[in-house]
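# Geometric and topological summary
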Amino acid sequence: MSVHLHWFLPTGGDGRTLVDRHAYTDGGIRRDRITPVSGVRAPDIEYLAQIAKAAEQLGFEAVLTPTGTWCEDAWLTTVALTQVTERLKFLVAFRPGVISPVLAAQMAATYQRISRGRLLLNVVTGGDSTEQKRFGDHLDHDRRYARTDEFLQIVRGAWGGAPFDFKGEHYQVEGGLTALPPDPLPQIFFGGSSAAAGPVAARNVDVYLTWGEPPEEAKQKIDWIRGLAEKEGRTVRFGIRLHTISRDSSKEAWATADRLLDDLDPATVAAAQQALGKSESVGQQRMLALHGGSRDKLEISPNLWAGVGLVRGGAGTALVGSHAEVADRIEEYHSLGIEHFVLSGYPHLEEAYWCGEGVRPELAARGLLDAGPAPLDGVPAANGRPASAPGGAPLLIAGGR
């Protein structure tokens, strides 16, 4: 079992602080409405293309693109980026409750042909009723997962190459069909920590994703899902979503984490914690419990820092340390059965280089990566870093607040 490294596309905005997306009055969609905060980067297609090209050059397998009100649409954005990349895959997040499952199956098939087989799917059931209602979805938490179960059964049925009938509580389909099924079939990624989510993963998905909890807690989830899948006669693979702050020395990495923390005033943290505390997501509540809204003892496990979760929903932890230390932690998670690592950092362009040039060679030297195109092969090195890296050595500087 090899390690698969993936990166992240910040389609809601990017920058040098943890709260940059909140610097936009409209979520970062329009340049002319940016609040004047130093270092904020709008998620325009030119900037996202820089990140995608860097991820491909550095040897990342895929990039995750999020879904939500304050993000650009993941399907449209990534299909555009397939035209400026060659090998990079796109892990497209979408909400199953707001689109027909047969249409989703057809969209995936079209995407595979346009991209020549570079689509992965990240199914996001949704843990925030306010967000779901914004899209016209009024089901409660558990019923959303029940609907996701039906949705995925229909998608796979529609990919079968013959008319498919389905009658359930949420969907009734007669003759569902994708005339030209996708080739290859996209792998389906899915996350959910609640009792309602586990059986959905066991029955339907290829890769179960967890947010970056300490290894012992991640292992409990793996054992839980693995046991449920075995009862279904299936095998599920595992992935984890983490941020990274990887530097040439541990001291540099923790100094960067401290600068990010210094940027967060108490009012910002309190407002974020209040909003996140209303989430119905069990996974989100587990993230919040790692730090309890406090800046004290944010290193909750060796090299695992919970500072991101003070203001950011979803993935709230980062691997912090030297390149070797971050590789150690990835190897530790890998030993538990995790093979997909979906990583990110602020800003995403520079951090892609820090991770790709620092951590990836460490993992390769340990025999944890599949052999593939050597990233930046033949480029003269300068100070241990390929000359193609922007600025030679990216520097993360705290923003203006």
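Residues numbered from 1 in each chain as written. Predicted model: local features only at pLDDT ≥ 70, side-chain atom pairs only at ≥ 80, totals over all residues. Heavy atoms only, no water.

## Description of the overall build of the protein
Under the convention used in this document: By the criteria applied, helices consist of DSSP H or I runs no shorter than four residues and strands consist of E runs no shorter than two, each listed in order from the N terminus. In this scheme, a residue with accessible area under 20% of its type's maximum is buried, one over 50% is exposed, and one in between is partly exposed, where area comes from a 1.4 Å probe on protein chains only. Here, residues are in contact when the closest pair of their heavy atoms is within 4.5 Å. Accessible areas in this description were obtained via Shrake-Rupley with a 1.4 Å probe; residue shielding takes into account the shown protein chains only.
Within the protein one finds 12 helices and 15 strands. For the protein, the residues scored as buried account for 57% of the 401 residues in total. By sequence separation, contacts in the protein at least 24 residues apart represent 74% of the contacts at least 6 residues apart. Carbon together with sulfur atoms contributes 51% to the accessible area of the protein, which is approximately 16400 Å² in total.

## Description of helix H9 (residues 266-276)
Stated formally: Summarising the geometry, the arc corresponds to the directions from the helix axis toward the C-beta atoms. Counted as a polar contact is a pair of N or O atoms within 3.5 Å, where, for protein atoms, one must be capable of donating a hydrogen and the other of accepting one, and residues adjacent in sequence contribute only when both atoms are in side chains.
Those residues of H9 lying buried are Val 269, Ala 272, Gln 273 and Leu 276. For H9, the angular spread of the buried residues around the axis is 100°, confining them to a single face. Opposite the packed face of H9, turned more than 90 degrees from it, sit the exposed residues Ala 267, Gln 274 and Ala 275. Looking at the buried positions of H9, the neighbouring elements they touch are helix H10 (282-289). The opening residue of H9 is Asp 265, an N-cap whose side-chain oxygen sits 3.1 Å from the backbone nitrogen of Ala 267.

## Topic: the side chain of Thr 178
Relative to the assigned elements, Thr 178 resides in the loop between strand E6 (172-176) and strand E7 (188-191). When neighbours within four sequence positions are excluded, Thr 178 is seen to be in contact with Ala 105, Gln 106, Ala 109, Ala 158 and Trp 159.

## So, the pattern of salt bridges
Our working rule: A side-chain nitrogen of Lys or Arg and a carboxyl oxygen of Asp or Glu constitute a salt bridge if their distance falls within 4 Å.
Summed over all chains, the structure comprises 15 salt bridges. Linking Glu 61 and Lys 89 is a salt bridge whose minimum nitrogen-to-oxygen distance equals 3.9 Å. Here the residue Glu 61 occupies a position in the loop between helix H1 (45-58) and strand E2 (62-65), and Lys 89 occupies one in strand E3 (residues 89-94), the gap between them amounting to 28 residues. A relative accessible area of 26% means that Lys 89 is categorised as partly exposed.

## Considerations on the pairing of strand E12 (residues 318-322)
Applicable threshold: When DSSP finds at least two bridges between two strands, those strands are taken to pair.
Buried residues dominate E12, accounting for five of its five residues. Here strand E9 (residues 237-247) runs beside E12; their pairing, made up of five bridges, is parallel. Its bridge partner being in E12, Thr 244 is matched across the sheet by Leu 319. Sheet topology note: the strand E11 (residues 304-305)/E12 ladder contains two bridges and is antiparallel.

## Concerning the packing of helix H3 (residues 101-115) against helix H5 (residues 141-158)
Where we set the bar: Helix axes use the C-alpha atoms of the stretch in contact, all axes being lines fitted to C-alpha atoms, and the angles between their N-to-C directions lie in the range 0 to 180 degrees. Here the angle decides the label: under 35 degrees means roughly parallel, over 145 means roughly antiparallel, 65 to 115 means roughly perpendicular, and every other value means oblique. Left-handed describes a crossing whose near helix is turned anticlockwise from the far helix by less than a right angle; the clockwise case is right-handed. Each residue gets one of three labels, nonpolar for Ala, Val, Leu, Ile, Met, Phe, Trp, Tyr, Cys and Pro, charged for Asp, Glu, Lys and Arg, and polar for the others, Gly among them.
For the pair H3 and H5, interaxial distance at closest approach is 8 Å and the crossing angle is 50°. It follows that H3 is oblique to H5 by the angle criterion. Where H3 crosses over H5, the two elements pack in a sense that is right-handed. Residues Pro 101, Val 102, Ala 104 and Ala 105 of H3 touch H5, and the partners they reach there are Phe 151, Ile 154, Val 155 and Ala 158. Considering only residue class, the contact of H3 with H5 consists of eight nonpolar, no polar and no charged.

## Notes on the confidence of the model for the protein
Our working definition: Per residue, pLDDT measures the predictor's confidence, with a range of 0 to 100.
In this model, the protein carries a mean pLDDT of 86, and residues with pLDDT of at least 70 account for 87%. A low-confidence stretch, residues 22-31 (pLDDT under 50), is modelled with 31 contacts involving residues beyond four sequence positions or located in other chains. Predicted confidence for residues 376-401 stays below pLDDT 50, and this span has 52 contacts to residues more than four positions away or in other chains.

## Quick look at the nonpolar core
As a rule of thumb, soluble globular proteins bury nonpolar side chains together. What counts, and what does not: For the purposes of this section, nonpolar cores are sets of buried Ala, Val, Leu, Ile, Met, Phe, Trp, Tyr and Cys residues that join through side-chain atoms within 4.5 Å.
Core analysis: the biggest nonpolar cluster contains 74 residues, and Trp 7, Phe 190, Tyr 333, Phe 341 and Leu 363 have the highest contact counts within it. If you tally residues by element for this core, the top one is H1, at eight residues. Ranked by size, the runner-up nonpolar core spans 21 residues in total, among them Leu 260, Leu 264, Leu 298 and Tyr 346.

## Some remarks on helix H11 (residues 323-335)
Basically, it comes down to this: Here the expected length of a helix is defined as 1.5 Å per residue gap, with one fewer gap than residues.
In this model, H11 (13 residues) spans 18 Å end to end at C-alpha, consistent with the 18 Å of a helix rising 1.5 Å per residue. Those residues of H11 that fall on the buried side of the exposure criterion are His 323, Val 326, Ala 327, Arg 329, Ile 330, Tyr 333 and His 334. Each buried residue of H11 lies within a common arc of 160° when the element is viewed along its axis, so the set occupies one face.

## Re the pairing of strand E8 (residues 207-211)
We apply this condition: We call a crossover right-handed when, viewed with both strands directed away from the observer, the connection leading from the first strand over the helix to the second proceeds clockwise.
Within E8, four of the five residues are buried, which leaves the element mostly enclosed by the surrounding structure. Where E7 and E8 come together, three bridges link them in parallel fashion. By the bridge assignment, Gly 191 is partnered in E8 with Leu 209. Once the chain exits E7 it traverses helix H6 (residues 197-204) before rejoining the sheet at E8, and the crossover so formed is right-handed. Taken together, the five bridges between E8 and E9 define a ladder with parallel strand orientation. Of the residues in E9, the one forming a bridge with Tyr 208 is Phe 238.

## Some words on the packing of H1 against helix H12 (residues 348-365)
Their axes nearest at 9 Å, the elements H1 and H12 cross at an angle of 5°. As the angle between them shows, H1 and H12 are arranged roughly parallel. For the pair H1 and H12, contact is made by Tyr 47, Gln 50, Ile 51, Ala 54, Gln 57 and Leu 58 and by His 348, Leu 349, Ala 352, Tyr 353, Gly 356, Glu 357 and Arg 360, respectively. When the residues that make up the contact of H1 with H12 are grouped by side-chain class, the tally is seven nonpolar, four polar and two charged.

## Looking at the packing of aromatic side chains
Inclusion rule: Two rings from Phe, Tyr or Trp (for Trp, the six-membered ring) form a pair when their centres sit within 6.5 Å of each other. Planes less than 30 degrees apart are called stacked, planes more than 60 degrees apart edge-to-face, and all others tilted. Throughout this description, the term charge over a ring refers to an Arg CZ or Lys NZ atom that lies within 6 Å of the ring centre and within 35 degrees of the ring normal.
In the structure shown here, the tally under the stated rule is eight aromatic pairs. Their ring planes at 45° and their centres at 5.9 Å tell us that Phe 94 and Phe 151 sit as a pair that is tilted. Taken together, the residues span a long stretch of sequence, with Phe 94 in strand E3 and Phe 151 in helix H5 at a distance of 57 residues. Taking the relative accessible area as the measure of exposure, Phe 94 reaches 6% and is therefore buried. Grouping aromatic residues by their ring pairs yields a cluster made of Trp 75, Phe 94, Tyr 111, Phe 151 and Tyr 171. Above the plane of the ring of Phe 8 lies Arg 312, whose end atom (NZ or CZ) is 5.9 Å from the centre.

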